[in-house]
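Here are the chains, one letter per residue:
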Amino acid sequence: MTVAAFFPSPQLQNSAATATRATPSHRKSQHQQPHHQNLHFLFIPAPTFLSSLPSSSSSSSSFPLTIKSSSSSTSRTQQFHVVSDSIHNNVIQDLEESLTNSHSHLNGVRQLDHPNQPSKIFIRDPPWISSIFLKGLCKNTNLEFKLLFKEIEKNKYNLLRRRQIQAETEAWERMVEEYRELERVMREKNLAPNLPHVKALFLGWFEPLKEAIEAEQKSQKTKKHKTAFAPHIESLPAAKMAVIVMHKMMGLVAMEHHQAGCVVLVNAAVQIGMAIEQEVRVQKFMEKTRSHQRKKTEADTKDDMNDDKPKLMKHINGLIKKRRLRSVQKLLKKEDFVPWGRDTQAKLGSRLIDMLIGTAYVHIPVSQSADTPPDFRPAFRHRFKAISKNPGEKILKNYGIIECDPLVLTGLDKSAHHMLMPYMPMLIPPKKWKGYEKGGHLFLPSYIMRTHGSKKQQDTLKNVKRTQMQKVFEALDVLGSTKWRINRRILAVVEAVWAGGGNTAGLIDRKDVPIPARPPVDDPKQIQEWKWNVMKAKKINAERHSLRCDTELKLSVARKMKDEEGFYYPHNLDFRGRAYPMHSHLNHLSCDLCRGLLEFAEGKPLGKSGLQWLKIHLANLYAGGVEKLSYDGRLTFVENHLHDIFDSADNPVNGNRWWLMAEDPFQCLATCINLSEALRSSSPSSFISHLPIHQDGSCNGLQHYAALGRDTMEAAAVNLVAKEKPADVYSEIAVRVHDIMRRDCKKDPSTYPNALLAKVLIDQIDRKLVKQTVMTSVYGVTFVGAREQIKRRLEEKGLITDDKLLFAAACYAAKVTLKALEEIFGAARDIMGWLGDCAKVIASENEAVRWTTPLGLPVVQPYCRNERHLVRTSLQILALKREGNTVDAKKQRTAFPPNFVHSLDGSHMMMTALACRDAGLCFAGVHDSFWTHACDVENMSQILREKFVELYDMPILENLLEDFQTSYPGLVFPPLPERGDFDLRKVLDSPYFFN
C-alpha cells in the first residue's frame, strides 16, 4: 500500500498554488489494486507554515499531525488523529473520511490568518532552501506513513489470524450452537423451520443421537469391564460428537458413486473415528495453548505442592526464563498426544454408527387423511451385500455396509453444501514447514507427506535431518504462499448455468435419467434386456448424484471465499514428492470448473509481452488442435475470433456462447473476459491482469526419459529441440500405427488373421485413439491396460458394434501401438527396463525400494502385502488391513519406473518454484504445468528450462545406482543402460519445450 502526501505550498501574495509530491511507487500503483480498497490517498491539509510533524516514535493508534498557526499571539494547535483499524468489526476505517469528518472546521486551513490582522511581509527564500526543506519534510512524513500502514497491515493480519484459528478450532462447536438455536426457535414457535434438506435431517437426528451418546458416556463410567474405546468416547462433549458423526456419515454417503447410497462399514467406522480423534487433538492443542499462562501462574504460586505437574511446570518455566528452549521441548515431548490407532478408531466409529442407526429416522410422506399416524423408518441400516470394493473390479465379495434410505438421498445433491468441510483454504499464509507434522494449518493436524499409514515412510521422514529437507520445505512454502481469490464473474456464470440445470460446459446434468418401464410381455429376452437397462440407468444416476454433490461442495467453497480479499492453499506431498493442495474440493489441481473460478489475488500489468501470452493462453485453452499450431498460428486464430471473444465476455449466457466450444470452457471464458478488458482499455500494456497463464510440458514423462537417455530422436519427438512448430508425439505415434496397419491389411488373411482387423481399424486410427496409451507408457502401462484404453475409445466411436470383434480389434490395436512406441522410444524403454530390474533385485530380498530425490526427499515405496487384523465391534467383526512385513515384489518392480520419474518431475517443479520466488514471480504448479502472471511468462519459461538442464546435468542414474549399492551392499545390480549424446543445453532454445 502506498500513500501519496500532498502539501500546499506557502501562500505568496494570495497565491494558492500547490506543490505535489508523489512517490514512484504511487505512480506504479495506479495500475494495481491496493491491498486495502477502503484506504484512499491521504490528503494532509497544511497551514500557512508547517511547523511540526509527529515524531517517529508516535504510536500508530494515535498518530497526530500537528498544525500550528504562526499568525497571532494566541497560538492555536490543530491535530489530525488517524483512526486505527477496528479489529472486532473487521473494518479498517477510511482515513481520508475520518480526517474530513473529525476536523471539518479545518477545511480552510490555508486561510488561518484572521482577516483583520495586519499584512505580513514575506521574504522569498532561495529555491535551494525550499527544495531541501520540502525534501526532508516529505521524507519524514513518508516514514511516518510507512509506520502507520505497517501497523495497519499487522492489525489486519492479526484479525485474519483470529478468524483462521476460529475456523480451524470452533467449526464443530458453531454447528452445535446452530442446531441448539434451531431447536429453541422450533420449541418457541411450535413450528418446524423451513430448512434445506440436509439441515432438516440433521436437526431431527441431533437431539436423539446426542442423548444416546450421553447415555453411552455415563454407562462406560459405571462398567467394571470397560470397552477399548471407553476413554475416548468421553473425550468430546456428546453434542459435538453427534454433529461430527452426522456430517461425516452424510459426506461419505453423498460422495459414493460406485455403490449408490451405501458405504463399506469398515471405511465409515475408521473415517468417523479419525474425525473424532482429529477434533480431540485440536481441542487439546488449543487448551494447552490457552492455559499456558495460567499454568505458569499456578506453578509460581503453588511451590509448596507435592504434585508432579506443578513441579514440572515450575521446572519448565525456569528453563524458559533461562532460554533453554531445547530442554523445554524435550520435556514437553512427553506430554504429546498419543495416536489412537486403527483399532480404537474402528471400534469407536462402529459404536457411534450403531447409535446413529438406532436414533436417525426419516418421515415417509403420505397422501392419506390427517388422522393417519406419521410413518417413520430408519435413515440407515447395517447389512451384508455382495459388492466390488473398488470401481472396475468384477469380483464380488460380501462386505458389511451401511445403507441409507432413498429418502435421505433425495434432495441431498441440492443441499450438500451445508455439510462442514474442516480443511478449508486459509485466510493467512500457512505455517512454514519445519518437520513431518510441523507446518501447514495452524491447529488442524498437518503432515508433510500423505503416507496412507505406511510406517516405513513415516519413520524415514521423522528421522531425516532437517537440513537435508530444507529445499523441499521451502518449495512447499512457496506454493502455500501464493495468494488466490475467486473470479466473481465466472462464479456468476457458473451459478446461472447450474441453476439452469447444468449439462453445459462440463457441468453434470442435474436431472436423473429415467428408469425404463417393465415390458408388458414376459419374453425372457426382453426381460433380461430390461433388467440390464435398469441396472445401467441406476448406475448412471448414482454417478450423477455423486458428481452433483461434488459440484455443490466446490461451489459452496467458492461462495464462502468470494468476499475474501485472498486465501491460501497449504501444500503437502505424496510419497513420490509431488505437491498437492491440502484442501480437496476447490483447488487449481482440480477440473476446469475449479481452475476457471480461481485467479491470483495479486494483479500485475500485462507489460510488453503479456498481451501476446494472454492470446496464446486462450488458444491453448480452446484446444481442438489449435494448441498444436505455432505461436504465430495461435495468435492468428485469436485475431480471427475477436468478435466471438468479445461476445463471450459481454454476454456469456445468452450470446452466441463461442466459449462453450473450448476444451476447457470456464478457463476459456475467464481468458475471454480478461483479454476483452485489456483490448478495450486505453493502454493494454498497463492493464492489470490476475489471470494465471499456464506453461505445460509436452508429454512430460517422456521428456524426462529423453533427458535421462540423451537420445536425439526421442528428444526431438517431445520438443527438447527447437522447431518451427511444436512436435506432437501422439500424432506421430498415430501415423506409425496407421503405417503398420496399412502394411498388415495387404497381407493374406488366411496366413495372417490380423489383416482383417487392420482393414476394420485402418480408418479409425487418430491421435485420440492412441493418446492415453502413449501418455501412460511412461507409467509402465501393460498390454491389458493399453487394450482397455483403446477399447474405450473404439466404443466411443461406435463403429464396431459386435463385442467379440471389438475385443479382438482392441487387442490388435494395443499390440501395434506398443510396437510403435518401442520404435520411437527405445532408449526410454531400456531405462524403464533397467529401473524395473533394479527393483526386482531389491524386492527379491524382501526389501522396499528406497531412493533420495535430487532435492533430498527420502522416498520409500509402500507396497507390502497387507495383513488382516480382526477387530470385534458393536456391529460386526471388522477386518482391518495393516502394513505387513512382506513386500509385494511384483508391485515394487512395476511401480518403480513411473514413481522414479514422478519424483524427478516433482523435483523440477520445486526447483522452478524456488527460482521463481528468488526472481520475485508469483508461482503455482500442477505437476508438469507451471503458472504465473502473463507479464512474467517469459521469465518463468527461461527459469524452468534452466532448472531442467540443471537437474539433468546431475548424474541422476549414476547416483541412483551408487545409492542402491550403498543401501544394499550384498546385492548385484545390472549395469547402466547405454545413452546417447544429445546436448541437453538445446532445451534452453526450444520454444515449445513447455508451451
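Since the model is a prediction, treat every value here as computed from it, not as a measurement.

A. Molecular detail of the overall build of the protein chain. When helices and strands are tallied, the protein chain shows 34 helices and 24 strands. Counting all 995 residues of the protein chain, 49% fall into the buried class. Once local pairs closer than 6 in sequence are excluded, the contacts in the protein chain between residues at least 24 apart make up 71%. When the accessible surface of the protein chain is summed, it comes to about 49800 Å², and 51% of that surface belongs to carbon and sulfur atoms.

B. Structural detail: the nonpolar core. Leu-720 and Met-741 are the most contacted members of the largest nonpolar core, which has 187 residues in total. When neighbours within four sequence positions are excluded, Met-741 is seen to be in contact with Ala-758, Leu-761, Ile-762, Ile-765, Tyr-812, Ala-813 and Val-816. In this structure, Leu-203, Val-253, Ile-276 and Leu-348 belong to the second largest nonpolar core, which totals 68 residues.

C. Representation of helix H12 (residues 342-359) in the model. Here H12 spans 26 Å end to end across 18 residues, near enough to the 26 Å set by a 1.5 Å rise per residue. Among the 18 residues in H12, 13 count as buried, and that is most of the element.

D. Focus on empty space enclosed by the protein. In total, this model carries seven cavities of 30 Å³ or more according to the counting rule given. Empty space within the largest cavity amounts to approximately 70 Å³. For the largest cavity, the full set of lining residues is Arg-595, Gly-596, Leu-598, His-617, Leu-621, Gln-667, Ala-670, Thr-671, Leu-691, Pro-692, His-694 and Trp-931. Sorting the residues of the lining of the largest cavity by element identifies helix H19 (592-597), helix H20 (607-622) and helix H23 (665-680) as the ones contributing at least two each. The greatest single-element share of the lining of the largest cavity, amounting to three residues, is contributed by H23.

E. View of the side chain of Gln-703. Within the secondary structure, Gln-703 sits in helix H24 (residues 700-709). Since its relative accessible area comes to 0%, Gln-703 is described here as buried. Among the polar contacts made by the side chain of Gln-703, one reaches the side chain of Asn-700 at a distance of 2.9 Å. Those residues in contact with Gln-703 that lie beyond four places of it in its chain are Gly-697, Ser-698, Val-718, Leu-720, Phe-948, Phe-993 and Phe-994.

F. Spatial organisation of the sheet that holds strand E18 (residues 693-696). Pairing in this open sheet of three strands is antiparallel, and the strands run E18-E24-E23 from one edge to the other. The two strands at the open ends of the sheet, each matched to only one other strand, are E18 and strand E23 (924-926). For this sheet, the mean inter-axis angle between neighbouring strands, taken without regard to orientation, is 25°. Both E18 and strand E24 (residues 929-932) contribute to a ladder of four bridges, which runs antiparallel. Within the sheet, the bridge partner assigned to Gln-695 lies in E24 and is Phe-930.

G. Region of interest: the side chain of Asp-509. Following the sequence through the fold, Asp-509 ends up in the loop between helix H17 (488-499) and helix H18 (524-561). Residue classification places Asp-509 among the buried positions, given a relative accessible area of 17%. With sequence-adjacent residues up to four places away left out, Asp-509 is seen in contact with Gly-501, Asn-503, Arg-544 and Arg-548.

H. The confidence of the model for the protein chain, seen in detail. When pLDDT is averaged along the protein chain, the result is 80; 78% of the residues meet or exceed 70. Below pLDDT 50 for its whole length, residues 1-120 participates in 181 contacts with residues either more than four positions away or in separate chains. Considering only residues more than four positions removed or in separate chains, one finds that residues 330-335, a stretch of pLDDT under 50, has seven contacts.

I. Expanded view of the packing of helix H31 (residues 826-843) against helix H34 (residues 956-967). Their axes nearest at 12 Å, the elements H31 and H34 cross at an angle of 10°. With respect to each other, H31 and H34 are oriented roughly parallel. Contact with H31, carried on its side by Ile-831, Trp-834, Leu-835, Cys-838 and Ile-842, involves Leu-957, Leu-960, Leu-961 and Phe-964 of H34 and no other residues of that element. When its residues are assigned to classes, the contact of H31 with H34 shows nine nonpolar, no polar and no charged.

J. Geometry of the sheet that holds strand E9 (residues 397-404). As summarised here, the arrangement of the three strands in space is E5-E9-E8, forming an open sheet in which the pairing is antiparallel. Strands with a single pairing partner mark the edges of an open sheet, and in this sheet they are strand E5 (262-264) and strand E8 (380-387). Between one strand and the next, the sheet's axes are offset by a mean angle of 40°, whatever the strand orientation. The sheet contact formed by E5 and E9 spans three bridges and is antiparallel. Directly across from Val-264, in E9, lies its bridge partner Ile-401. Most of the contacts of helix H7 (residues 238-254) go to E8, to which it runs at about 35°, and overall it touches E5, E8 and E9. The strands that H12 touches are E8 and E9; relative to E8, the one it contacts most, it runs at about 115°.

K. Expanded view of the pairing of strand E6 (residues 361-364). Because side chains alternate across E6, one face comprises the buried residues Val-362 and Ile-364, and the other comprises Tyr-361 and His-363, none of which is buried. Bridging between E6 and strand E7 (residues 375-378) involves four bridges; their strand directions are antiparallel. Bridge pairing in E7 places Val-362 opposite Arg-377.

L. Spotlight on the pattern of salt bridges. All told, the structure shown has 41 salt bridges when counted by the stated rule. The closest approach of N and O atoms between Asp-405 and Arg-377, which form a salt bridge, is 2.5 Å. Of this pair, Asp-405 sits in the loop between E9 and helix H13 (406-409) while Arg-377 is found in strand E7, placing the two residues 28 residues apart along the sequence. Notably, a salt bridge pairs Glu-958 with Arg-979, separated by 2.7 Å at the nearest N-O pair. Taken together, the residues Glu-958 in helix H34 and Arg-979 in the segment after H34 connect sequence positions 21 residues apart. For Arg-979, a relative accessible area of 32% puts it in the partly exposed group. Several salt bridges converge on common partners, so that one network encompasses Glu-495, Arg-510, Glu-552 and Arg-559.

M. Representation of the environment of Ala-601 in the model. The topology assignment puts Ala-601 in the loop between strand E15 (598-600) and strand E16 (604-605). On a C-alpha basis, the gap between Ala-601 and Phe-567 in space is 8.1 Å, while along the polypeptide they are 34 residues apart. Residues within four places of Ala-601 in sequence aside, it is in contact with Lys-483, Trp-484, Arg-485, Glu-565, Gly-566 and His-690.

N. Examining the packing of aromatic side chains more closely. Scanning the entire structure with this criterion turns up 25 aromatic pairs. Taken together, a centroid distance of 5.5 Å and an interplanar angle of 65° make the contact between Trp-205 and Phe-380 edge-to-face. Highlighted residues: Trp-205 in helix H5 (residues 197-222) and Phe-380 in strand E8, separated in sequence by 175 residues. Overall, Phe-380 belongs to the buried group, its relative accessible area being 2%.

Reading the values: the criteria
- Residues numbered from 1 in each chain as written.
- Predicted model: local features only at pLDDT ≥ 70, side-chain atom pairs only at ≥ 80, totals over all residues.
- Heavy atoms only, no water.
- Helix = DSSP H or I, 4+ residues; strand = E, 2+ residues; numbered from the N terminus.
- Buried < 20%, exposed > 50% of the residue type's maximum accessible area, 1.4 Å probe, protein only.
- Contact = heavy atoms within 4.5 Å.
- Areas by Shrake-Rupley, 256 points an atom, 1.4 Å probe, with all protein chains shown as cover.
- Core = buried A, V, L, I, M, F, W, Y, C linked by side-chain atoms within 4.5 Å.
- Expected span 1.5 Å × (residues − 1).
- 1 Å grid on protein atoms, 1.4 Å probe; cavity = no way out; pocket = protein on both sides within 12 Å on 5 of 7 lines; lining within 4 Å.
- Points joined across faces, edges and corners; volume = space filled by probe spheres on them.
- Polar contact = N/O pair within 3.5 Å; in protein donor to acceptor, adjacent residues only side chain to side chain.
- Pairing = 2+ DSSP bridges.
- Axes fitted to C-alpha atoms, helices over the stretch in contact; angles between N-to-C directions.
- pLDDT = per-residue confidence, 0-100.
- Parallel < 35°, antiparallel > 145°, perpendicular 65-115°, else oblique.
- Nonpolar A, V, L, I, M, F, W, Y, C, P; charged D, E, K, R; others polar.
- Salt bridge = Lys/Arg side-chain N within 4 Å of Asp/Glu carboxyl O.
- Phe/Tyr/Trp six-rings, centres within 6.5 Å; stacked < 30°, edge-to-face > 60°.

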